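So the chains spell out like this:
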Amino acid sequence: MPVKSLSELATAACLKNLKELGSIGDYLPYEAVRHLLLKIESAHQLRQIELSSPQIQGHTGEIWLKLIEKDFPLEYKAKAYKPQNPDKWYRVWEKYKRDHDAALEESENKLKNALAGLRQDKEKNTSRIIERKLLPKSVKLGGGKRPFNGPREAHSNYLSFNSGSRTKTVNGASVMRKVRREVKEIATIHGALSRPNRAPTQRLHMRKAPESMVNDYRRASQPQYRSSALSP
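Predicted model, so just to flag it, every value in this text is computed and none were measured.

## Focus: the nonpolar core
- Among the nonpolar cores identified, the biggest contains 21 residues, and Leu-37, Ile-49, Trp-64 and Ile-68 are the most heavily contacted of them.
- Among the elements of the structure, helix H2 (30–37), helix H3 (43–52), helix H4 (61–71) and helix H6 (89–134) are those that each provide at least two residues to this core.
- For this core, the leading source of residues is H6, giving five residues.

Printed below as a string of structure tokens:
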């Protein structure tokens, strides 16, 4: 088995610890480390390597395009941003990132509004059903007859009251007539309310005499027994 070269050993070590790679030195050209940089999956790590090794800036466009297509596939297909300066590819990635965040926020707001509308409709429907259940059957919504529209009759089972007096109070005599009429109505109402309700009396029919009475009757109908023996 041939011995691996120093370059191969260094490449294997870098691939093993690729996520911790932050610099490639100040002298290695881009072509020497291209196979390593193409395996980077983080834009922040690639930018850190560019800052630490400025000799590769302007040559990493293909790596930035690969990261942009991976991180923002929809925005990459809809738009084709390119930097005027090849050293500014990181700014293109940042622009795609802003567009992606704005689209994501807009979608979240639309979803929240839709859910809020559905929740309000559900609450309205639920409250409407509950209110109808709580309403008594005898209640009539809207216009209807007044529950009390006249005095209670002497033999009726309900009370009703007039909405006002029919006597015009323009002088002393009319005032007295009004007072007498109202007193009479009140007396009629109180008389009807104070009338006692008596339960109907039931007649008791005796179908059979008590047994003790029958026995007494039998004893009284028998002749008296007297002894014929003479006393000594």
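Picking up after the structure, the text goes on.
## Side note on the confidence of the model for the protein chain
- Of all residues in the protein chain, 64% have pLDDT values of 70 or greater, and the mean over the chain is 76.
- Low pLDDT, under 50, characterises residues 151–161; the stretch is placed with 20 contacts to residues that sit more than four places away or in other chains.

## Details of the pattern of salt bridges
- Enumeration according to the criterion identifies seven salt bridges in this entry.
- A salt bridge links Lys-79 to Asp-99; the nearest nitrogen and oxygen atoms lie 3.3 Å apart. Note that Lys-79 is positioned in the loop between helix H5 (73–78) and H6 and Asp-99 in helix H6, a separation of 20 residues in sequence.
- Note on Lys-79: relative accessible area 34%, which makes it partly exposed.

## What to know about the packing of aromatic side chains
- Applying the stated criterion across every chain, the model contains three aromatic pairs.
- Where Phe-72 meets Trp-93, the ring centres are 5.5 Å apart and the plane angle is 55°; that geometry is what we call tilted. Pair noted here: Phe-72 is in the loop between H4 and H5 and Trp-93 is in helix H6, with a separation of 21 residues, a long-range link. Exposure class is identical for Phe-72 and Trp-93. Each is buried.
- Here Phe-72 and Tyr-96 contribute two aromatic rings whose centre-to-centre distance is 6.5 Å and whose plane-to-plane angle is 10°, an arrangement assigned as stacked. Placement of Phe-72 in the loop between H4 and H5 and of Tyr-96 in helix H6 is noted, with a sequence separation of 24 residues between them.

## Thoughts on the environment of His-100
- Relative to the helices and strands, His-100 resides in helix H6.
- Classification of His-100 as partly exposed rests on a relative accessible area of 27%.
- A C-alpha to C-alpha distance of 6.9 Å links His-100 and Phe-72, two positions 28 residues apart in sequence.
- Ignoring anything within four residues of it in the chain, the contact list for His-100 reads Phe-72 and Glu-75.

## Topic: H3
- Residues of H3 that are buried include every one of Ala-43, Gln-45, Leu-46, Arg-47, Ile-49 and Glu-50, and no others.
- For H3, the capping residue at the N-terminal end is Ser-42, with a side-chain oxygen 3.4 Å from the backbone nitrogen of His-44.

## Some details on the packing of H3 against H4
- It is at 10 Å that the axes of H3 and H4 come closest, and there the two elements cross at 160°. Judged by the inter-axis angle, H3 sits roughly antiparallel to H4. The two elements H3 and H4 cross, and the hand of that crossing is left-handed. Residues Ala-43, Leu-46, Arg-47 and Glu-50 of H3 form the contact with H4, whose own contacting residues are Ile-63, Trp-64 and Leu-67.
- Looking at side-chain class alone, the contact of H3 with H4 contains five nonpolar, no polar and two charged residues.

Definitions and cut-offs
- Residues numbered from 1 in each chain as written.
- Predicted model: local features only at pLDDT ≥ 70, side-chain atom pairs only at ≥ 80, totals over all residues.
- Heavy atoms only, no water.
- Core = buried A, V, L, I, M, F, W, Y, C linked by side-chain atoms within 4.5 Å.
- Buried < 20%, exposed > 50% of the residue type's maximum accessible area, 1.4 Å probe, protein only.
- Helix = DSSP H or I, 4+ residues; strand = E, 2+ residues; numbered from the N terminus.
- pLDDT = per-residue confidence, 0-100.
- Contact = heavy atoms within 4.5 Å.
- Salt bridge = Lys/Arg side-chain N within 4 Å of Asp/Glu carboxyl O.
- Phe/Tyr/Trp six-rings, centres within 6.5 Å; stacked < 30°, edge-to-face > 60°.
- Polar contact = N/O pair within 3.5 Å; in protein donor to acceptor, adjacent residues only side chain to side chain.
- Axes fitted to C-alpha atoms, helices over the stretch in contact; angles between N-to-C directions.
- Parallel < 35°, antiparallel > 145°, perpendicular 65-115°, else oblique.
- Left-handed = near helix turned anticlockwise from the far one by under 90°.
- Nonpolar A, V, L, I, M, F, W, Y, C, P; charged D, E, K, R; others polar.

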